[in-house]
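Analysis of the macromolecular model
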Amino acid sequence: MINLNFIYSEIFICLAIMILLIIGVFKKNSAYLIYNLTILSLFVCLALILNFPIDANVELFNNSYKIDYLSSFMKILLILSGIFVLLSSSKYIQIVKINKIEYPILVLSSITGMMVMISSNDLILFYIGLELQSLALYVLASFNRDNILSSESGLKYFVLSALSSGLLLYGCSLIYGFSSSTNFDLIAENVNKDSYGLTFGIIFIITGLAFKISAVPFHMWAPDVYEGSPTSVTIFFAILPKIAALTVFIRILYVPFFNIIDQWQIIIIFLSIASMLFGSIAAIGQKNLKRLIAYSSIGHMGYALAGISTGTNQGIQSSITYISIYLFMNLAFFACLFMLRRDEKYFENIEDLSGLSKNHPILSFSFLIVLFSLAGIPPLVGFFAKFYIFTAVIEQSMYSLAIIGLLSTVIAAFYYLRIIKVIYFDAEKEKFERNHNIGLKISLTISTIFILFYFIYPSPLIEIIEKINII
Amino acid sequence: MIIHSIFFYIFSVIAVFSAIMVTVSRNTVHSVFFLILDFITISCLFIMIGAEFIGMIMLIVYVGAVAVLFLFVVMMLNVSKQKNEWLGDEKNSNHIPIGLLISGVIFFELIIVVGGWKYKPELLKTFSSIGIDLSTTNTHEIGKVLYTDYIHLFQLSGMVLLVAMIGAIVLTFRQREGIKRQSYFKQISRERNEGVELADPKNNEGVKIDV
């Protein structure tokens, strides 16, 4: 008998999707109700995960579904950010008129796919989770279908993502052929260094995963999709799929293929260096804030990959810390972006921020903190994120990676500081509206406080993450 | 055994030929027909190696659904204008070397991978050791595990299909304005005194009707 207690959260979220769909079909004008019920069901889901001991180590369904410390922590992170994303974008979707009943339901189903990805200990299960999340994301990207940019971004994401899924499946089939199993633990037993097939399989899988977290050279979709899709979807893109894909990255590289680390380590180092450099240089010329944050997220994924490339527990922990902190910084950034509203229109260019500090001192202060933190200036939280990564990298004597990382931080600081200059020293423009909904205010406040005061009491987060031990 | 190999070569030649014809054929409709031919021969090859379930799925899904969908899409487009002329086209022919290069690289990678494969004689023994009964059919075996060992995958595939359905509806369904819908309950429960009014018109005056 399988112990289903541990997947109550997944079962609940699947049932919630169907029940919400039925409510939406039979009750007229229920978009707002369903949006709030979705947030509520995410809270229930969070409670269901926290209900069980977080350090449980359970394997379900013939060892293909794993509930361990890593998966529980990442799921909590995922659902928390899902709640924040939905809270902060509720006003936006009403104004842009994409408040249909399907919107929150698609968000929920995407989160389901990500939870499956995070827990998967099997190639087939991982692939189905990945498809579930990306299928919902394609639709979300083109949700504003009357807008030509949104349709374009959905189509572009769909075509490129289908291609990368094909590569990933090809890699899975190679790995299955050469190790005669799809289960991660069984693959780990059958891995030997001589077979080329496994190496090719790993390369194809890394390609597919790198596409999902938009690491260079598989980043080309990110700026267009981030710019084209509605901002409420962009914030979703920027945070949640990265949490899930990074967990899979860690699990797939460290559980089955840890013995052949010399074959994949150099690939991850290359991805990391290329993403850090490209993310910092290509963002310099951008005028659109969403496009800029796309390049910035490419760069940030480079740092997270640098932690993974070390091959140590400390490296993994630093990557997970990085993604947790990155989540809050992006949340705060997009919350600021949601506040740039005037006459039922949202503004997303850097020049619209000109002179913001004269009219909106608190909003500009939040912007200042977020941008300083993204640039990695102490004592804000972004500095600590990078600090942990570089400590882990230097302990493995990978000095060139650390030096390139530091250099790209310096380059990236330029474009973050340029926005601050525009906000504080340029001529002022018309005022933006001030009546924002409470959810947006809450998420901005929480994330800004976290960014600002993390350095006073950093031990809780570090202590939680230090327990993650996968090797 | 010799008949088996003769059939194998016949099907393989047809499969490779039709795969090439899909890309070089001038008429788009012909391309789709060659694609269908390709799928059918490949499903024959699957049946020949004893994978009758995959062969039939191939026929049902690819020929029955995907290729027919392609055919409909191609026929919806204006085919007479959109000739498939990339091969001889001056403008596009500079893409061909790059495509050939990439496909060549992937081909050689495949050769390396397959060359690294050492045929394992012990593979047949593992078949019996993991309990595969060679006397039953594939379909029977899949049926045994699909609802037991792989129930979670089966259910999750259902979720994927549900999301696909929601997505298709979201992206294509439009609520049009000004359409009068039928309301059966209202129509049936209408009574005489709601719909009929008796008037008593006088001469040369007519009746005033409220609209």
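Read on for an overview of the structure. Source: prediction; values computed, not measured.

1. Focus on helix H9 (residues 196-212) of chain A
Residue and element names in this part refer to chain A.
- The terminal C-alpha atoms of H9, which comprises 17 residues, lie 25 Å apart, in line with the 24 Å expected from a rise of 1.5 Å per residue.
- Where burial is concerned, most of H9 is hidden: 14 out of the 17 residues are buried.
- Positive phi appears at Ser-214, one or two residues downstream of H9, with a value of about 55 degrees.

2. Regarding the interface of chain B and chain A
- Each partner contributes residues to the interface: chain B has 18 residues there, and chain A has 28 residues.
- Secondary-structure elements contributing two or more residues to the side of chain B that touches chain A are helix H4 (96-116) and helix H7 (151-172) of chain B.
- Considered class by class, the residues forming the side of chain B that touches chain A number 12 nonpolar, 4 polar and 2 charged.

3. Some words on unusual backbone geometry
Residue and element names in this part refer to chain A.
- Residue Val-216 is joined to Pro-217 through a cis peptide bond whose omega torsion reads 5 degrees.
- With respect to the secondary-structure elements, Pro-217 resides in the loop between H9 and helix H10 (221-228).
- Positive phi is not limited to glycine here, since Phe-61 has a value of about 50 degrees.
- In this fold, Phe-61 is placed in the loop between strand S1 (58-60) and strand S2 (65-67).
- Exposure remark for Phe-61: the 18 C-beta atoms within 10 Å place this residue in the partly exposed category.
- Phi at Ser-180 takes a positive value of approximately 55 degrees, unusual for a residue other than glycine.
- Position of Ser-180 among the secondary structure elements: in the loop between helix H7 (148-179) and helix H8 (184-190).
- In this structure Ser-180 comes out as partly exposed when scored by C-beta crowding, with 14 C-beta atoms within 10 Å.

Cut-offs used in this document
- Residues numbered from 1 in each chain as written.
- Chains lettered and ligands numbered in written order.
- Predicted model: local features only at pLDDT ≥ 70, side-chain atom pairs only at ≥ 80, totals over all residues.
- Helix = DSSP H or I, 4+ residues; strand = E, 2+ residues; numbered from the N terminus.
- Expected span 1.5 Å × (residues − 1).
- Buried ≥ 20, exposed ≤ 12 C-beta atoms within 10 Å, placed from the backbone.
- Contact = placed C-beta atoms within 7 Å.
- Nonpolar A, V, L, I, M, F, W, Y, C, P; charged D, E, K, R; others polar.

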